[in-house]
There are 4 protein chains.
Amino acid sequence: MRRQIDACLADRGGAVSARLRAAELGRAYLGLNGKGRARFFALLAREYDIDPDEVDKASAALRAAEGEAERRTARRRLRRSLVPPRVHLLTQFNSLDRGVKFLVDMRADLLRAAREQPELRDLDGDLQELLRGWFDVGFLEMAQITFNSPASLLEKLIDYEAVHEIRSWKDLKNRLDSDRRCFSFMHPNMPGEPLIFVEVALVNGMTDNVHALLDEAAPEVDPHAADTAIFYSISNCQAGLAGVGFGDFLIKRVVDRLSQRFPNLKSFATLSPIPGFRRWLDGALDGEEPLLAEAEDRLIRATARKESGHQGLKAILDDPGWADDGDLVEAVREPLIRLGARYLAREKDPRGRPLDPVARFHLNNGARVERINWMGDRSESGLRQSAGMMVNYLYKLDEIEKNHEAFRGEGKVVASPQISRLCKGL
Amino acid sequence: MRRQIDACLADRGGAVSARLRAAELGRAYLGLNGKGRARFFALLAREYDIDPDEVDKASAALRAAEGEAERRTARRRLRRSLVPPRVHLLTQFNSLDRGVKFLVDMRADLLRAAREQPELRDLDGDLQELLRGWFDVGFLEMAQITFNSPASLLEKLIDYEAVHEIRSWKDLKNRLDSDRRCFSFMHPNMPGEPLIFVEVALVNGMTDNVHALLDEAAPEVDPHAADTAIFYSISNCQAGLAGVGFGDFLIKRVVDRLSQRFPNLKSFATLSPIPGFRRWLDGALDGEEPLLAEAEDRLIRATARKESGHQGLKAILDDPGWADDGDLVEAVREPLIRLGARYLAREKDPRGRPLDPVARFHLNNGARVERINWMGDRSESGLRQSAGMMVNYLYKLDEIEKNHEAFRGEGKVVASPQISRLCKGL
Amino acid sequence: MRRQIDACLADRGGAVSARLRAAELGRAYLGLNGKGRARFFALLAREYDIDPDEVDKASAALRAAEGEAERRTARRRLRRSLVPPRVHLLTQFNSLDRGVKFLVDMRADLLRAAREQPELRDLDGDLQELLRGWFDVGFLEMAQITFNSPASLLEKLIDYEAVHEIRSWKDLKNRLDSDRRCFSFMHPNMPGEPLIFVEVALVNGMTDNVHALLDEAAPEVDPHAADTAIFYSISNCQAGLAGVGFGDFLIKRVVDRLSQRFPNLKSFATLSPIPGFRRWLDGALDGEEPLLAEAEDRLIRATARKESGHQGLKAILDDPGWADDGDLVEAVREPLIRLGARYLAREKDPRGRPLDPVARFHLNNGARVERINWMGDRSESGLRQSAGMMVNYLYKLDEIEKNHEAFRGEGKVVASPQISRLCKGL
Amino acid sequence: MRRQIDACLADRGGAVSARLRAAELGRAYLGLNGKGRARFFALLAREYDIDPDEVDKASAALRAAEGEAERRTARRRLRRSLVPPRVHLLTQFNSLDRGVKFLVDMRADLLRAAREQPELRDLDGDLQELLRGWFDVGFLEMAQITFNSPASLLEKLIDYEAVHEIRSWKDLKNRLDSDRRCFSFMHPNMPGEPLIFVEVALVNGMTDNVHALLDEAAPEVDPHAADTAIFYSISNCQAGLAGVGFGDFLIKRVVDRLSQRFPNLKSFATLSPIPGFRRWLDGALDGEEPLLAEAEDRLIRATARKESGHQGLKAILDDPGWADDGDLVEAVREPLIRLGARYLAREKDPRGRPLDPVARFHLNNGARVERINWMGDRSESGLRQSAGMMVNYLYKLDEIEKNHEAFRGEGKVVASPQISRLCKGL
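Numbering of residues begins from 1 in every chain and follows the order in which that chain's sequence is written. Whichever chain is written first is A, and whichever ligand is written first is 1; the rest continue in order. At least 70 in pLDDT is required for a residue's local features to be given in this predicted model, at least 80 for side-chain atom pairs to be given and counted, and no such filter applies to totals for whole chains, interfaces and linings, which use all residues.

Chain A is annotated in an unreviewed UniProt entry as Malonyl-CoA decarboxylase from Minwuia thermotolerans.

Here it is in structure tokens:
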């Protein structure tokens, strides 16, 4: 394998032959199992890294350089010395039949392998940089996906959907109805492979629960009469493109497209999960700060007919049955909404960013936390992750830039008056 | 403009907004005249270059680093410090409507400007590197161009043809006849814009003059009966892609395609101009080495009825009328063929490469110098550049790699026995 | 409605306006329920039929005509008088948005209505003739259907499949695997709507049971190594095109296509149901001719442990459980195969044609009855219709014409030696 | 040949085989010269016509029929007897590779042959009827033609343009500029072959001369600001579709399309030639009615300095030089405009229709005669046909139906007040 790699790197027999050889090597890679691939990565990481001596020499040459011209030349040499030779090989794999997809999938393998072998991280950095250039958002085409799209593509949506599982082709068809839209980014050299897709419902009023959207029997709305576009699912499809983000671009291009096509639309909002709420809540309930007012606590315990200490709420939520007990649902409702608002809008990680990953994404995009929806997702995972709550993030077109800057600059979480009120005093 | 650039580089308002701003800046650029563009380049070159202090600091940090992990981090920092911030702006232009074409054309402007302002060269290096990544040959599609292709595309062939001018749509149609093939490389994000194209004739026997190929009245050959494919014209279309070569790939992919489609084909050869022959010859005739045998010289002078010193041949060739004087044509024939062979196969530039640029290209691709064709191009430019001679380069499929390595390694020019014989003793 | 129709027929306001009016009428038709549509048909049948007086007059004029020229004119008049005016209206519906599909669906309605109202038959004849012209096989495109085809098209296959129900998208995907082919006829003015499709398996040896083909877990065959193409399902999709046949053309074009693409293929055969076998058998068992040899009858009864008269076999087959009783299966096997061969190859309807409709179709196409497959279809419907038997019809390319002529001329059923032997003495 | 035809008509070997045989026959036809084709037509006309005896018998059977059912059957038989068997053969040709185009071209041949052999007219009637069914306007697609269309298609525009010759590719490109539109009807089974096309200019105000439109140097108009669409050329492309008209449909669909796309458009008008004016004028000047007032006549003669009788005007117009003599142009201007108006709006042929064929077409479409344009076409043919005059026909959207009915019913020519005034007293 080293001989093959060396021949590729030396462009032996000319660039065309070297590419053919790289393609062969790529096909050999595909024949390897996980272990074999890890070995291949280790080889690239170890043997085809930059040459530290050459870096030192180039660095010394730069220090010794005199005059601007000489310094420029020295800097170019130094820069070249910092690019590992393996990058040339990775690029050559692009000449495989479906070369771009090959490299994306190779990076997925590499990410897995790198979790256990930190020495692969620089190699991953090289590959990520290569893919970042190739997947520049300017190259991507936004495609509308309908039930007239190839079945093989639709099947991929079913596989990749990461937010609300697509249970059947009938479910999928419902999500592609005349009052729905589904858009994806496609790369011209990776035909039939969505990179990321978003599902949108055209509705009247801001939807407050996901079951209404997923109900296959619900009547269709006239999309030209709808006043609100709800982004209810956004899924990345290519594990190998982790860290190469384009969700922000997709949402905004979809907003543009829909605004033009449906001038009636007044609001663009998400209906989003709150994936980290319960994890935070459970920890916080164990902490010193009393999260519930005494009266609340008392009422909840009374309703739940349980008498064990401060665990009350936590224990209740651990048993999904609570959501079927109308009194209990009523008792926990207000405190949970308040805690949800606090979690989203006030709780930060050590780097000062919101704890919730979905919140981070939309806030960084310039959206604001708009409304907490009680019982917005009564599915098993909805109850487990967020006590059944969902949240709307609102994209107000003329505030997006300002919100983004406030968020990025001062870490400010922009929220609706309602949410702000819920957080007052925190 | 600086404020705009700064906002783009800082991704102010988020990446999406920054792209929109870059696109605006790009449109402003398009409104500038040559001077304005040169000023814009100068600004980028001067103000958005790498920061030498940061390079020094990063370099020092690397020297100070201890342990592998620390060194890796330091190297990454150093590498980052060597990438000028303007590269981010150039990338953002990709979000313009026809962004890739925009950048290719911008580079054409830049190359022009850099001829007079050497301080733009590093900027050009940045842009070239960016384009080299985007135009990786793995992304290119080979398209067959026929008379059913869009007229707007065919019009571009007429504009871009660089070897044998296309004089009219009728001439063009002749070059797309059933016994011709025309292939180009296209980039998926630059629709309708050929990058490079090659014209091929399917014939019997190795064609020895271009007039037969360009004769619109010549009868068509059955392409399935043809034994030889003649590559008679290859033209680059995008000035902004200078230095990003894919001619080698195009030729070899065309050879592959034709071999599969027409199993009868036995030979693949070019019919090429010898653009630098007369320039070299004129210089050499002025030199000390006698290029002609005495008898040859005498015969030529006698035939030309002229008596002035060693200028004889040079003066004759300076007057294009010589090609109509049968006796004279006969008299100079043998010596010129010999000198042509010598020029192509023996004469080198200071870096040890063949003098002729077309020869350099095909030899580096692994072809060999096959045959000199007397009166192969009697056009005005043919007579002026190469005394009417043309040359066939032969691509022998099983010798290409070997030839390339010999050429690249030892600088060896592989030639047919006939050509070698002509060069004997040199 | 009459006023609208009259305006259309008179091309009032010009042909363009008349078409617009017809389109409006068409949309009104779509708003009608079954009863309304039947009334519309009755109106067309009654009021827009040919004018018998005009026919009489034209007929008389022809008799009175003198000289060839006059006679020609008279014949043209007579011919015109025999075309009902409603045909012009039907044609105008073609200008509806999806006009061709509209008319095809209208005919499906009409066929239903005509079952109860015989006076609609001439109207149906008019519409059929119109569609027959529009669906001339020369206009149809043969499309290969794969899992990359639009999901909306694939969903139609699921709906239209008439032979072996497609149970799920997974079943469908199996039928589009790399060793399968599915082809359909499409009409250029009815995009996304298959007219008829055929499912083919590329296998080794002539498949003798359908379960092997429908088994989603069965390994795929290398299609280039397969020696036999099995046509295992052919379904018409458009009820409104009844009587406009193109199955013959589809099969033969698929045979052509596959022969070219897979030169390894030696045999083209069907694996077909025998839908009328049990119906015939039940009747025949009630008849006077003893269908079973005495020994056979005895063995069957003994195995079945039943003792009631000649009903033995019939009663056995009426209870699908028989197929799970190995001894019984063995006992009835030989007699049923023999009777199956007789049913297919010897039994005729009053017009002298084979009783079995599928047999009629393939025999008329020039195929021959090749082999009866015991337990070829153990599904509930397979047992009910044909006692679990299936049949292969073989298309021998160089005998198709001869077979067809023999069948059409003398009503001869061509069969394999094996089948002929089974029928000996009949 | 008869044997081949008979085999086709008998569907010998099955419909598929018969089609193959017909295709073979079609290819043989293509190998015939004009004489051979004429013989082929004569054979079809003579030997494959309807059978007069069968017509007589069917006619008698109808007279003898009793009861409605019997009569219906008899009528169907009679109708069948009136369809010549050759129609089946013609239909079968549709299975040739480009079968539709084959039949269209065959009809062009037939029309030529029928000019000299009247006995071919019924055969032509059969073929026309077949093509009329296949080219129903509901099947046609309106395509916009731009400079991005295939060159082979654009070349056909150059060939087919019948009104204002396209002189070069540059001229063509001018006609496809951003302020122009070109639309054609295409048949899905005749790809790459326009049936009819129309050229439109988007302008401000109703254009009064064609030179402004054909001027390649004229600046482009912003099409979104234009208030008028001028149809300045409409050409049929397929001689074999004579009598199968769709010009009316094309114009109105283009009007629809442009209205939607360019809401600024207020008027839709043609700029049309007056091809028959001079022919009529010359005859009329020879007639008894004095066309010119005495004063006019005198002035013209004086200006022309000629003194010979009533020929004055005629003789002047016969010499194209008159158009360069400013005084003369002024002298004839008013009388010619008046006579032009009269020719278009008052002069009728024996069947009561306007003399001018272009006028007939647009008036029947529901347009009105709007304005005569003096010196609208100074080209050689413009001067020869219409003394340099052109005419605008105006399509007023809300009057088209009324105009058409008035024209078709009472033969009324609708004209603008200006034109009516010019015709006063006639």
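Caption draft 1: View of the overall build of chain A. If you tally the helices and strands in chain A, you get 20 helices and seven strands. In terms of principal-axis extent, the alpha carbons of chain A reach across some 80 × 55 × 45 Å. Three exposure classes are used. Buried residues have 20 or more other C-beta atoms within 10 Å of their own C-beta, exposed residues have 12 or fewer, and partly exposed residues fall in between, all C-beta atoms being placed from the backbone. Counting only residues that meet the buried cut, chain A has 41% of its 426 residues in that class. By the convention adopted here, residues make contact when the C-beta atoms placed from their backbones lie within 7 Å. Taking as baseline every contact in chain A between residues at least 6 positions apart, the subset at least 24 positions apart corresponds to 70%. Helix numbering and strand numbering both begin at the N terminus, where a helix is a DSSP run of H or I of at least 4 residues and a strand a DSSP run of E of at least 2.

Caption draft 2: Summary view of the interface of chain A and chain B. Between chain A and chain B, the contact holds 35 residues from the first and 35 residues from the second. If one sorts the elements of the side of chain A that touches chain B by residue count, helix H5 (residues 67–81) of chain A sits on top with four residues. Gly is placed with the polar residues, together with every amino acid not listed as nonpolar (Ala, Val, Leu, Ile, Met, Phe, Trp, Tyr, Cys and Pro) or charged (Asp, Glu, Lys and Arg). Its residues assigned to classes, the side of chain A that touches chain B shows eleven nonpolar, 14 polar and ten charged.

Caption draft 3: Representation of the interface of chain C and chain D. Taken together, the contact pairs 35 residues of chain C with 35 residues of chain D. Looking at the side of chain C that touches chain D, the elements that each hand over two or more residues are helix H2 (15–31), helix H4 (52–64), helix H5 (67–81), helix H8 (121–134), helix H12 (247–261) and helix H19 (400–410) of chain C. The greatest single-element share of the side of chain C that touches chain D, amounting to four residues, is contributed by H5(C). Looking at the side of chain C that touches chain D residue by residue, the class counts come to eleven nonpolar, 14 polar and ten charged.

Caption draft 4: Inspection of the relation of the copies chain C and chain D at higher detail. Least-squares superposition aligns the copies on the C-alpha atoms of those residues with pLDDT at or above 70 in both. Superposition record for chain C on chain D: RMSD 0.0 Å, screw rotation 180°, translation along axis 0.0 Å. Taken together, the rotation and translation describe the operation of a two-fold axis. The share of interface residues of chain C whose copies in chain D are also at the interface is 100%, consistent with both copies meeting through the same surface.

Caption draft 5: The arrangement of the chains, seen in detail. No interface is formed between chain B and chain C, the nearest pair of C-alpha atoms being 15 Å apart. As for chain D relative to chain A, no contact occurs, and the smallest C-alpha gap between them is 15 Å.

Caption draft 6: Examining the environment of Leu383(D) more closely. Residue and element names in this part refer to chain D. Examined against the element boundaries, Leu 383 turns out to sit in helix H18 (residues 380–386). Distance in space between the C-alpha atoms of Leu 383 and Asp 318 is 9.0 Å, their sequence separation being 65 residues. Not counting chain neighbours up to four residues away, the residues in contact with Leu 383 comprise Pro 320, Ala 323, Arg 378 and Gly 388.

Caption draft 7: Region of the structure containing the pairing of strand E5 (residues 267–270) of chain D. All names here are of chain D. Between any two strands, pairing holds if DSSP finds at least two bridges. Across four bridges, strand E4 (residues 228–236) lies against E5 in parallel orientation. Paired with Thr 228 across the strands is Ser 267, a residue of E5. Following the backbone out of E4, through helix H12 (residues 247–261) and into the adjacent parallel E5, one traces a crossover that is right-handed. Think of it like this: strands point away, you trace from the first strand over the helix to the second, and a clockwise trace means the crossover is right-handed.

Caption draft 8: Just the domain arrangement of chain A, in detail. Residue and element names in this part refer to chain A. For chain A, the assigned domains read domain 1 (2–49 + 84–134), domain 2 (138–270) and domain 3 (277–423). Spacing between the C-alpha centres of domain 1 and domain 2 amounts to 34 Å. Facing the eleven residues of domain 1 at the interface are eleven residues of domain 2. Breaking the side of domain 1 that touches domain 2 down by element, the ones donating at least two residues are helix H7 (99–116) and helix H8 (121–134). Its residues placed into classes, the side of domain 1 that touches domain 2 shows six nonpolar, one polar and four charged. Where each domain starts and ends follows an automatic or database-derived domain assignment.

Caption draft 9: Region of interest: the packing of H4(C) against H5(C). All names here are of chain C. Only C-alpha atoms enter the line fits that serve as axes; for helices the fit covers just the stretch in contact. Angles between N-to-C directions range over 0 to 180 degrees. Interaxial distance between H4 and H5 falls to 9 Å at its minimum, and their mutual angle equals 165°. Judged on the interaxial angle alone, H5 and H4 are roughly antiparallel. For the pair H4 and H5, the crossing hand works out as left-handed. The segment H4 lies against H5, with Glu 54, Val 55, Ala 58, Ser 59, Ala 61 and Leu 62 engaging Arg 71, Ala 74, Arg 75, Arg 77, Leu 78 and Ser 81. Roughly parallel means an angle under 35 degrees; roughly antiparallel, over 145; roughly perpendicular, 65 to 115; everything else is oblique. Helix crossings fall into two classes, left-handed where the near helix is turned counterclockwise from the far one by less than a right angle and right-handed where it is turned clockwise.

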